[in-house]
Amino acid sequence: MNRSSSPVARWARPVVAVAVVLLFVWLWQTYGGWIRVRAADDSPTAPDAVFVDPSGARHALADYRGRVVVLNLWASWCGPCVREIPALASLGERFRDDGVVVLGVNAEDVALDDLERIAAELSIPYPVVHPASPLGPPLVARGVIPHTWIVDRAGRVRASHAGAASGAAFARAIRAGLDDEG
């Protein structure tokens, strides 16, 4: 036994290590998926993207001017994507009267009938759509899903976030889009 090592030193290192890990877990849960929101005058304009839902209805991004749009690119096989669905649904309901709309943009190459079935199986209450044509900048996911964009009332992409985010992070980004008159 090493006599230079006191009993306190033997248990202090593991306790400190556990405390550091718990701190990081807490920080991730509290601030995890923090979404950086751009200033309105520093935000690019969203393209004139058009989406189609399982019923064949078209959803043009331009038709949502005056509202904040949460575009969430997702896939049914993506665990983090599926875990975000309840938070997105809750936020869509919470901010509905403020003019917020959530669109779930499915990244899978599936038929519209299959998309409708998948949305029903996952109990997605907001519109689930496919892009009618490829999305252009600044709506580029760079291969990471989920990917979420917040488009403000004036059609500016105020936030772009790759990966999962917390409901609190989404709410902060949505509020930023609502705070500007556009």
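In this report, the structure presented in the accompanying data block is examined. All values derive from a computational prediction rather than experimental measurement.

Okay, the overall build of the chain next. Along the backbone of the chain there are four helices and seven strands. Counting the 182 residues in the chain, one finds 42% classified as buried. Pairs at least 24 residues apart make up 72% of the contacts formed inside the chain by residues separated by at least 6 positions. As presented, the chain carries roughly 10000 Å² of accessible surface, and 57% of it is formed by carbon and sulfur atoms.

Our focus in this paragraph is the environment of Ile124. By secondary structure assignment, the location of Ile124 is in the loop between α3 (112-121) and β5 (128-131). For the pair formed by Ile124 and Ala89, sequence separation is 35 residues and the distance between their alpha carbons is 7.1 Å. When residues no more than four places from it in sequence are discounted, the contact partners of Ile124 are Trp74, Ile85 and Ala119.

Bringing empty space enclosed by the protein into the picture now. Applying the stated criterion across every chain yields a total of one cavity of 30 Å³ or more. By volume, the largest cavity is sized at about 60 Å³. Around the largest cavity, the lining residues are Ala46, Leu61, Ala62, Tyr64, Arg65, Arg67, Val69, Val151, Asp152 and Gly155. In the lining of the largest cavity, the residues fall into six nonpolar, one polar and three charged.

Inspection of the sheet shows strand β1 (residues 50-52) paired to β5 by two bridges, in the antiparallel sense. Its bridge partner being in β5, Val52 is matched across the sheet by His130. The pairing of strand β4 (residues 100-106) with β5 spans two bridges and is parallel. Bridged to Gly104 within β5 is Val128. Handedness of the crossover joining β4 and β5 through α3: right-handed.

This part is about unusual backbone geometry. Pro137 connects to Pro138 through a cis peptide bond whose omega is 5 degrees. Within the secondary structure, Pro138 is located in the loop between β5 and β6 (147-151). Cis geometry is found at the peptide bond from Ile145 to Pro146, where omega equals 0 degrees. The topology assignment puts Pro146 in the loop between β5 and β6.

Let us look at the state of the cysteines. Taken as a whole, this structure holds one disulfide when the rule is applied. Note that Cys78 is cross-linked by a disulfide to Cys81, the S-S spacing being 2.4 Å. One disulfide, between Cys78 and Cys81, carries an S-S torsion of 75 degrees and so falls in the right-handed class. Each member of the pair, Cys78 as well as Cys81, carries the same accessibility label: buried.

Looking now at the environment of Ala87. Within the element layout of this structure, Ala87 appears in helix α2 (residues 79-94). Taking the relative accessible area as the measure of exposure, Ala87 reaches 22% and is therefore partly exposed.

What follows deals with helix α4 (residues 167-179). Every α-helical turn comprises 3.6 residues, leaving residues that sit three or four positions apart pointing alike. An ideal rise of 1.5 Å per residue puts 18 Å on 13 residues; α4 measures up with 18 Å between its terminal C-alpha atoms. Burial in α4 covers these residues: Ala169, Phe170, Ala171, Ala173, Ile174, Ala176, Gly177 and Leu178. Where the residues of α4 are buried, they touch β3 (68-74), α2, β4, β6 and β7 (157-162).

Moving on, we come to the sheet that holds β1. Taken together, seven strands build an open sheet; the order of strands is β2-β1-β5-β4-β3-β6-β7 and the sheet is mixed. Since the sheet does not close on itself, it has two edges, and those belong to β2 (58-60) and β7, each with one partner. Geometrically, the sheet is characterised by an average inter-axis angle of 30 degrees between neighbouring strands, direction not taken into account. Of the pairings in the sheet, the one linking β3 to β4 comprises seven bridges and is parallel in character. Paired with Leu73 across the strands is Val105, a residue of β4. α2 rests against β3, β4 and β6 of the sheet, and its axis sits at about 165 degrees to β3.

Cut-offs and rules
- Residues numbered from 1 in each chain as written.
- Predicted model: local features only at pLDDT ≥ 70, side-chain atom pairs only at ≥ 80, totals over all residues.
- Heavy atoms only, no water.
- Helix = DSSP H or I, 4+ residues; strand = E, 2+ residues; numbered from the N terminus.
- Buried < 20%, exposed > 50% of the residue type's maximum accessible area, 1.4 Å probe, protein only.
- Contact = heavy atoms within 4.5 Å.
- Areas by Shrake-Rupley, 256 points an atom, 1.4 Å probe, with all protein chains shown as cover.
- 1 Å grid on protein atoms, 1.4 Å probe; cavity = no way out; pocket = protein on both sides within 12 Å on 5 of 7 lines; lining within 4 Å.
- Points joined across faces, edges and corners; volume = space filled by probe spheres on them.
- Nonpolar A, V, L, I, M, F, W, Y, C, P; charged D, E, K, R; others polar.
- Pairing = 2+ DSSP bridges.
- Right-handed = clockwise from strand over helix to strand, strands pointing away.
- Disulfide = S-S within 2.5 Å.
- Expected span 1.5 Å × (residues − 1).
- Axes fitted to C-alpha atoms, helices over the stretch in contact; angles between N-to-C directions.

Keep in mind that these numbers describe shape and distance, not what the molecule does.
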